[in-house]
Amino acid sequence: MKVDRWRMWALTAIGATLLMMTGVGLWRQHVYDTDGFTITALVQGAFYLAAVALTWRGGLSRRALAAVLAVAALMRLAALLAPPYLSDDINRYVWDGRVEAAGINPYRYIPSDPHLATLRDDAIYPKINRSDYAPTIYPPVAEYIFFVGTRIHESLTAMKATLLAFELAGVLLLLRLLQDSHLPRERILIYAWHPLTLWEFAGSGHVDAAIVTFVVLALWARRRQAAWLTGSALAAAALVKFFPAVLFPALYRRWDWRMPLAAAATIVIAYLPFIGAGSAVFGFLPDYLREEGLRSGAGFFLWNLATSVTPLEHLGPAPYLALAAAALLALAVHSLFIPEDRYPAAALTLAVAAMVLLSPHYPWYFAWIVPLICLTPRLSVLYLTVACPLLYFVPGGGNLEGARMPFEWAIYGPFAALVALELWRQRAARTGISWIKGVG
């Protein structure tokens, strides 16, 4: 009883600290201190990890669980009401929704095109990034979300509120999935108190919040063996941003034709209203890959690491891309033959492998992984998602690999060490080495 009481007091103190540090982070943003904010977010991450350790095995009362969710809601409310600082992407969201509401295909014109001159204003249009050369990059389900958000109000706060509504739906689904999976409901803290989801969704209003909802819906449908819903939900997630497509092998049941058919039908139906743009429906994506150094290979951490110690740079990124594709294919094939109840672990492995091989230059690209950790907690992935705000120390972009490398080392180096430790412990557990079993 004393231990439980001590744990509750500790968790209460951490929750209060996280709330306070949310205010500090918002102030650092208000005074345009990105480095100060980043340090605050990293310290916040350390307190968050302590909270995760306290709730790892469950055992909280309903009142304590409600308090955890209340702290998460208060942190998000504070960030919701503040203007976005870390990213200006949300301005494009509002612009695209406005363009759609005017009956115009958002894939056809860049924002500065004369055809859209009547839609310009002084609040949103001047803040759209790449407005003079880039069409929208977002897939169709994201575009539908932008349209809905702007029908509420054509403002940044309304768009953030729309995406937080999606996140709330994802949290409720995740709670249900934890219950159905006979896992501690307290693991919702892993998602709800994570600084990454707080700052990237409530703070910056990134559309990746909708990915969380659709991915969790796909995982829940997979557990219920609802193949049609699994395929449609996963396709919807991939049509917000393409990353969740890597989860397909983990959620697919061998010889089941319904899930892939549902996914294919969802993709076709989603693209139909925009088909008039032809191949332009892929928007700025091809040029974005070049801009971020992914075509040249300069944007990949592991390739940069390899070329720094071996004379491979003249070969271009082809060897790296081939090895990365082979690694993902091997993981995909393996996931098809795992036990039925191991699909959440396979999904997490595929998601993390894809992100590490891609090594995104912006922290929010990692946020969609966080709900998967609730189902398969791994210290290595917790560290990866807590450490990725280190990328804010560098402005980003494909031509800054030299400046990024020290921070990427700080992210991926300890992550790799923790993965090695986890694999060692798993092997030790299988072979019966008792002293390693006792670690942790």
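Above this note sits the structure.
1. Topic: the overall build of the protein chain
Part 1: When its secondary structure is counted, the protein chain shows 20 helices and 0 strands.
Part 2: Here the C-alpha atoms of the protein chain give a radius of gyration of 22 Å, agreeing with the 22 Å that 2.2 N^0.38 yields for 440 residues.
Part 3: Each of the three principal axes of the protein chain carries a C-alpha extent, and together these read 70 × 45 × 45 Å.
Part 4: Every one of the 440 residues in the protein chain was classed for burial, and the buried ones make up 55%.
Part 5: Nonlocal contacts in the protein chain, meaning residues at least 24 apart in sequence, comprise 75% of its contacts between residues at least 6 apart.
Part 6: Of the roughly 19,600 Å² that the protein chain leaves accessible, carbon and sulfur atoms contribute 67%.
Part 7: Across the protein chain, the centroid of the 35 positively charged side chains sits 13 Å from that of the 28 negatively charged ones.

2. Section: helix 4 (residues 89-101)
Part 1: A rise of 1.5 Å per residue sets the reference length of helix 4, with its 13 residues, at 18 Å; its end C-alpha atoms lie 19 Å apart and thus fit the reference within 8%.
Part 2: Most of helix 4 is tucked away, with 12 of its 13 residues classed as buried.
Part 3: Looking only at helix 4, the buried set comprises Asp89, Ile90, Asn91, Arg92, Tyr93, Val94, Trp95, Asp96, Gly97, Arg98, Val99 and Glu100.
Part 4: Here the buried face of helix 4 lies against helix 5 (140-152) and helix 6 (156-180).

3. Quick word on empty space enclosed by the protein
Part 1: In total, this model carries 3 cavities of 30 Å³ or more according to the counting rule given.
Part 2: Volume-wise, the largest cavity comes out at about 70 Å³.
Part 3: If you trace the largest cavity, you find it lined by Phe37, Ala41, His194, Pro195, Leu196, Trp199, Glu200, Thr385, Val386, Pro389 and Tyr392.
Part 4: At the level of elements, helix 2 (34-55), helix 8 (195-203) and helix 18 (379-387) are the ones that each hand at least two residues to the lining of the largest cavity.
Part 5: The dominant element in the lining of the largest cavity, judged by the number of residues it contributes, is helix 8, at 4 residues.
Part 6: Tallied by class, the residues present in the lining of the largest cavity amount to 8 nonpolar, 2 polar and 1 charged.
Part 7: As a volume, the second largest cavity reaches approximately 50 Å³.
Part 8: Lining the second largest cavity we find Ala221, Arg222, Gln225, Ala226, Ala227, Thr230, Leu251, Arg253, Asp256, Arg258 and Met259.
Part 9: Counted by class, the lining of the second largest cavity contains 5 nonpolar, 2 polar and 4 charged residues.

4. Notes on the environment of tyrosine 133
Part 1: The residue tyrosine 133 is located in the loop between helix 4 and helix 5 in this model.
Part 2: Residue tyrosine 133 is classed as partly exposed on the basis of its relative accessible area, which comes to 42%.
Part 3: Sequence separation of tyrosine 133 and serine 87 is 46 residues, and the distance between their C-alpha atoms is 19 Å.
Part 4: A polar contact is formed between the side chain of tyrosine 133 and the side chain of glutamate 291, at a distance of 3.0 Å.

5. Focus on the packing of helix 5 against helix 6
Part 1: Helix 6 packs onto helix 5 with a crossing angle of 125° between their chain directions and a minimal axis gap of 8 Å. With respect to helix 6, the element helix 5 is oriented oblique. Handedness of the helix 5/helix 6 crossing: right-handed. Within the contact between the two elements, helix 5 uses Ile145, Phe146, Gly149, Thr150 and Ile152 and helix 6 uses Ala158, Met159, Thr162, Leu163 and Phe166.
Part 2: Looking at the contact of helix 5 with helix 6, its residues break down into 7 nonpolar, 3 polar and no charged.

Quick notes on the rules
Residues numbered from 1 in each chain as written. Predicted model: local features only at pLDDT ≥ 70, side-chain atom pairs only at ≥ 80, totals over all residues. Heavy atoms only, no water. Helix = DSSP H or I, 4+ residues; strand = E, 2+ residues; numbered from the N terminus. Rg over C-alpha atoms; globule rule 2.2 N^0.38 Å. Buried < 20%, exposed > 50% of the residue type's maximum accessible area, 1.4 Å probe, protein only. Contact = heavy atoms within 4.5 Å. Areas by Shrake-Rupley, 256 points an atom, 1.4 Å probe, with all protein chains shown as cover. Lys, Arg positive; Asp, Glu negative; His and termini not counted. Charge placed at Lys NZ, Arg CZ, Asp CG, Glu CD. Expected span 1.5 Å × (residues − 1). 1 Å grid on protein atoms, 1.4 Å probe; cavity = no way out; pocket = protein on both sides within 12 Å on 5 of 7 lines; lining within 4 Å. Points joined across faces, edges and corners; volume = space filled by probe spheres on them. Nonpolar A, V, L, I, M, F, W, Y, C, P; charged D, E, K, R; others polar. Polar contact = N/O pair within 3.5 Å; in protein donor to acceptor, adjacent residues only side chain to side chain. Axes fitted to C-alpha atoms, helices over the stretch in contact; angles between N-to-C directions. Parallel < 35°, antiparallel > 145°, perpendicular 65-115°, else oblique. Left-handed = near helix turned anticlockwise from the far one by under 90°.

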